[in-house]
Amino acid sequence: MNLLLQTSQHDLQEQIAITGSKSETNRLLLLQALYPNISLANTSNSDDSEVMQKALIGNEEIVDIHHAGTAMRFLTAYFAVNEGREVVLTGSQRMTERPIKVLVEALQQLGAQITYEKEEGYPPIRIKGQKITAHKVSIPANVSSQYISALLLVAPKLENGIELTLVGEITSVPYIKMTLALLNDLNIQTSFVENVITVYPKKEVETKVMTVESDWSSASYFFSLVALAKTACISLTSYKETSLQGDSALVEIYKEMGVTSHFEGNKLTLTKQRDFEYKDLNLELNNTPDIAQTIVVTCLGLGIGCHLTGLHTLKIKETDRLEALRIELTKLGANISVTNDSLTLIATKNINQEVRIDTYNDHRMAMAFAPLALKVPIVINNADVVSKSYPDFWDDLKKLNFLMIQKWSFT
Ligand SMILES: O=C(O)C1=C[C@@H](OP(=O)(O)O)[C@@H](O)[C@H](O)C1
Ligand SMILES: C=C(OP(=O)(O)O)C(=O)O
């Protein structure tokens, strides 16, 4: 489905309910498989959480997690320590290009039995679950924090827990802290001192309902919409002022783009500041890689420039996001350059109309570019990719009176 988006609505007023964080949900689904007496509320309705849940409750030999990076990484660790079970873990074409070697080698240090079915270092992988008693392991920390979270999540069920030494610069740190915080919520003891993380074993946890906070990465598209509208007041539920999700940094980042955030209970209200003085932005996004696309598109729409750094992990996500941004923003008339870990956009006032944005099987390409419809009509190709994290995205956008016309590839 290709969608032509346009709107003449410049005052955005609405209340939107976004479901739970997919990062928190996928962690908690795994923890629930380890500790069945916990229950979950406000879970994510994303495809990634659905495949995670199916993989955990199913009993197939071949487990296909499609595009879900967290599911691939978390389940690698889960099946590796699941004594007596053998599975082949695989995913979409793109998943077979996303590296897994760092995690496989760390698990092998602990005694896991994992082999590659095709290319060394990449899914699909064959895992023969083992009883693990070793507990000291080291791992390169600069490729993906998901490898680290994967080990930490299964650690409390290992006989001796885990003592994990992180080697090199640590990337996407808030996601590691989220994992530890969720373990702590279950009274599982952890420590994170300098570059060593320890998780202590815990056989049972108390019965508890874990309520997932709504997804901040999904909220980013509304920050962008508010920034690009003439006037706006959009409320989002259910959010916390102190969040486990690093992407809650949106509140501070979008202040620099004229968006005011206000909390009342668990309702977050975004309003557009009047007479705001815009300046080019300089941001380090190592802690918040998933909002880089949203931010650069907002900057283009506002006619300001930006220099974003700390982006090296973008190259191994759903697509090479740096390259995808360079190609699509150039089509819109932007002056953009990228390196292996940064992006620079020069301020421009003109945006090309009715450009067809390719989405590269990446939900965030579709959602990040959609708010630009407030400035120019825009076509989003393969718009259904949004279901990876936010299946209701287009319905929620309709509530803001966006006009959406299905376009066929040849029209
Ligand atoms: O642990 C998680 O839930 C995630 C960690 C991040 O990945 P990296 O650590 O690979 O940057 C992030 O981009 C991803 O969307 C979700
Ligand atoms: C990178 C993402 O997801 P994953 O790595 O879990 O596929 C994302 O949702 O932006």
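Quick caveat: nothing in here was measured; it's all calculated off a predicted structure.

1. Quick word on the sheet that holds strand S20 (residues 355-357)
Part 1 of the argument: Spatially, the 4 strands line up as an open sheet ordered S20-S21-S1-S22, and their pairing is mixed. Taken across any chain shown, the strands that pair with only one partner, and hence form the sheet edges, are S20 and strand S22 (403-407). Mean inter-strand twist for the sheet, computed between neighbouring axes without regard to direction, equals 30 degrees.
Part 2 of the argument: As judged from the 3 bridges shared by S20 and strand S21 (residues 378-380), these two strands associate in the parallel manner. Residue pairing in the sheet places Val 355 in a bridge with Ile 378 of S21.

2. A short note on the nonpolar core
Generally speaking, soluble globular proteins have nonpolar side chains that are buried together.
Part 1 of the argument: Of all hydrophobic cores here, the largest spans 78 residues; its most connected members are Phe 369 and Trp 394.
Part 2 of the argument: With 9 residues, the single largest contributor to this core is helix H7 (residues 216-228).
Part 3 of the argument: The residues contacting Phe 369, other than those within four sequence positions of it, are Val 297, Leu 325, Glu 328, Leu 329, Leu 332, Ile 357, Ile 378 and Ile 380.
Part 4 of the argument: Judged by nonpolar contacts, the second largest core, of 64 residues, contains Leu 34, Tyr 35, Ala 68 and Ala 112.

3. What to know about the confidence of the model for the protein chain
Part 1 of the argument: Summing up the model confidence of the protein chain, the mean pLDDT is 97 and the portion of residues at 70 or higher is 99%.
Part 2 of the argument: Scoring the predicted complex yields pTM 0.98 and, for the interface, ipTM 0.99.

Cut-off values and rules
- Residues numbered from 1 in each chain as written.
- Chains lettered and ligands numbered in written order.
- Predicted model: local features only at pLDDT ≥ 70, side-chain atom pairs only at ≥ 80, totals over all residues.
- Heavy atoms only, no water.
- Pairing = 2+ DSSP bridges.
- Helix = DSSP H or I, 4+ residues; strand = E, 2+ residues; numbered from the N terminus.
- Axes fitted to C-alpha atoms, helices over the stretch in contact; angles between N-to-C directions.
- Core = buried A, V, L, I, M, F, W, Y, C linked by side-chain atoms within 4.5 Å.
- Buried < 20%, exposed > 50% of the residue type's maximum accessible area, 1.4 Å probe, protein only.
- Contact = heavy atoms within 4.5 Å.
- pLDDT = per-residue confidence, 0-100.

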